[in-house]
Amino acid sequence: MSKYEHEVILFGFRDQMKVSDVMVKKVIVADEDEKLSTVFDKMEKYRIHQIPLVNDNRLLGMVVLKNLLNATYIPHKTEANKFKVSVTPLNADDGLDDAVYKIIGSGFKALPVVEDDYLQGMVSVTELIKHVEYPKDIYVGKLTDNVIVIRDEDNVSKALSLMSENGISRLPVVDYEDKVLGCIDVISLIKFLRSTTESPRPSDLTAVEKRDLKGFKVKDFMRDAYMMEANEFSIKNAVNALQSHEEIIVTSKGVPVGIVTSKDLLELATKGDERFPIHVSRFERIDPMMYGRFEGELNNFTKKFSKMFDIQNFYVYVDEHKVGSRGKYSLRARLVTGRKVFPVHSHAWDLMDATHMLLDKLEKQLLKYHEKGIKSRRGRTPVGLEQTYQRE
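Residues numbered from 1 in each chain as written. Predicted model: local features only at pLDDT ≥ 70, side-chain atom pairs only at ≥ 80, totals over all residues. Heavy atoms only, no water.

Caption draft 1: Examining the overall build of the chain more closely. Counting its secondary structure elements, the chain contains eleven helices and 17 strands. Burial analysis of the chain (392 residues in total) assigns 53% to the buried set. Considering only residue pairs separated by 6 or more positions, the chain has 65% of its internal contacts joining residues 24 or more positions apart. Entry remark: accessible area of the chain is about 18,300 Å², with carbon and sulfur atoms responsible for 48%. (Helix = DSSP H or I, 4+ residues; strand = E, 2+ residues; numbered from the N terminus. Buried < 20%, exposed > 50% of the residue type's maximum accessible area, 1.4 Å probe, protein only. Contact = heavy atoms within 4.5 Å. Areas by Shrake-Rupley, 256 points an atom, 1.4 Å probe, with all protein chains shown as cover.)

Written out as structure tokens, the structure is:
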């Protein structure tokens, strides 16, 4: 076996550990009648992407920053309650395995812990990966070059559009040689969301707002990025780095080839039901009949390729956002197999159109990888464990 042909290993947690052992008890919250401008201030100060909404510490839901990229509101007048999303909270007695599955299934970066509807704490993906037990230092493998980036000289409007269209929260910022200079994320752009007029939706801005956004360069709002060369990447190094950094931009001679977050590591640490390894998040607003068709397409796809690939998990994240008076769907998916993680995304006006585009792209990746494997077994170029990460 070549050094690039390691299987994805499923990790475990320390025995008997519960949510109560790892949860953060001091939680930043927002009252239901707080204005969005105040919520933005808290998110920016504490660099958090989501915040629990409470009434006398009784959990009502959460406000998620990324959801506000395509919404219309007046921050100093609109109450946060208007944009709350429902969540399935954790229980203090839940095991860490249960916590991982619930967080991954929710599509969020963290989940609240409640008792009798009252908020007790929060558990985040960053906290959970500290308690994963590793039997050895695992080399994850060579990373592919499928990262969505933005130039430092591009304007903020383009950054917002790329994040919105692809359902992501961050972009590596590169120079004219494609070398990483930094990173820009939704928190970096809170200034524009906090505007006293409408939020900066690239598709619906007034002429004046568009002109103002185009006057701001990405380089003026980017932050420092933590980079790690692909040949130095390992699970152990990644876990350590993610305790103090929001993401790792994996590079090859300074050029970005992947993004790894804490949630990516948790996805690799889980294994789905062999009969139905599909995890769909954020589908609550989809019509039940439409969801049945959507789920059927995913199920048929996994059955089609299950004999060819060791499919362990199929994560699909659904985002629906308004563009004018119309709804648009963004899908992000990661198919985890025994030897490779296949990432793909799509967006379209119709959910089924977006689904078919997503599965077509994924099928092309699978067939290409299978063909490379056949050539490798015939004594040609070894096939590496290639994984690309692009997360919220």
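Anyway, onward from the coordinates.
Caption draft 2: Broad picture of the sheet that holds strand E12 (residues 248-252). Across the sheet, which stays open at both edges, the three strands sit in the order E11-E12-E13 with mixed pairing between neighbours. Whereas interior strands pair on both sides, the edge strands pair on one side only; in this sheet they are strand E11 (227-229) and strand E13 (255-260). The sheet shows a mean angle of 35° between the axes of neighbouring strands, taken without regard to direction. Here E11 pairs with E12 via three bridges, running parallel. Bridge pairing in E12 places methionine 228 opposite valine 250. (Pairing = 2+ DSSP bridges. Axes fitted to C-alpha atoms, helices over the stretch in contact; angles between N-to-C directions.)

Caption draft 3: Spatial organisation of the environment of valine 147. Within the element layout of this structure, valine 147 appears in the loop between strand E7 (132-133) and strand E8 (150-151). Valine 147 gets classed as buried once you look at its relative accessible area, which sits at 15%.

Caption draft 4: Representation of unusual backbone geometry within the structure. The phi angle at asparagine 57 is positive, at roughly 70°, despite the residue not being glycine. With a phi close to 75°, aspartate 117 is a non-glycine residue in the positive phi region. Relative to the assigned elements, aspartate 117 resides in the loop between strand E5 (110-115) and strand E6 (118-124).

Caption draft 5: The arrangement of the pairing of strand E9 (residues 170-174) in detail. Within E9, five of the five residues are buried, which leaves it mostly tucked inside the rest of the structure. Here E9 shows two buried faces, one formed by Arg170, Pro172 and Val174 and the other by Leu171 and Val173. One ladder, built from two bridges, connects E8 with E9; its direction is parallel. When the sheet's bridge partners are listed, isoleucine 150 is paired in E9 with valine 173. Bridge count between E9 and strand E10 (residues 180-185): five bridges; the pairing is antiparallel.

Caption draft 6: View of the pattern of salt bridges. Per the counting criterion, the structure on display carries 14 salt bridges. Of the charged contacts, one joins arginine 47 and aspartate 185 as a salt bridge, the two residues approaching to 2.6 Å between their closest N and O atoms. Taken as a pair, arginine 47 in the loop between helix H2 (36-46) and strand E3 (50-55) and aspartate 185 in strand E10 lie far apart in primary sequence, 138 residues in all. The exposure class of arginine 47 is partly exposed, given its relative accessible area of 32%. Judged by relative accessible area, aspartate 185 falls into the buried class, the value being 0%. Taking the shortest distance from any N to any O, the salt bridge between arginine 151 and aspartate 178 comes out at 2.6 Å. Taken together, the positions of arginine 151 in strand E8 and aspartate 178 in the loop between E9 and E10 put the pair 27 residues apart, joining distant regions of the chain. Taking the relative accessible area as the measure of exposure, arginine 151 reaches 32% and is therefore partly exposed. Taken together, the salt bridges that share partners define one network made up of Arg47, Arg170, Asp185, Arg223, Glu246 and Glu247. (Salt bridge = Lys/Arg side-chain N within 4 Å of Asp/Glu carboxyl O.)

Caption draft 7: Geometry of the nonpolar core. The biggest cluster of nonpolar side chains holds 46 residues, and the ones touching the most others in it are Val123, Leu128, Ile248, Leu265 and Leu266. Among the elements that line this core, the one with the most residues is helix H3 (residues 96-106), at five residues. Every residue in contact with isoleucine 248, bar those within four places of it in the chain, is listed here: Tyr226, Met228, Ala238, Ala241, Leu242, Gly258, Ile259 and Val260. If you look at the next biggest cluster of nonpolar residues, it comprises 34 residues, including Ile187, Ile190, Val218 and Phe221. (Core = buried A, V, L, I, M, F, W, Y, C linked by side-chain atoms within 4.5 Å.)

Caption draft 8: Layout of the sheet that holds E8. Pairing in this open sheet of three strands is mixed, and the strands run E8-E9-E10 from one edge to the other. Strand pairing shows two members of the sheet lacking a second neighbour, E8 and E10, which therefore form its edges. Helix H5 (residues 156-166) contacts E8, E9 and E10 of the sheet and is inclined by roughly 135° relative to E9.

So far we have only geometry, and geometry alone does not tell us how the molecule works.
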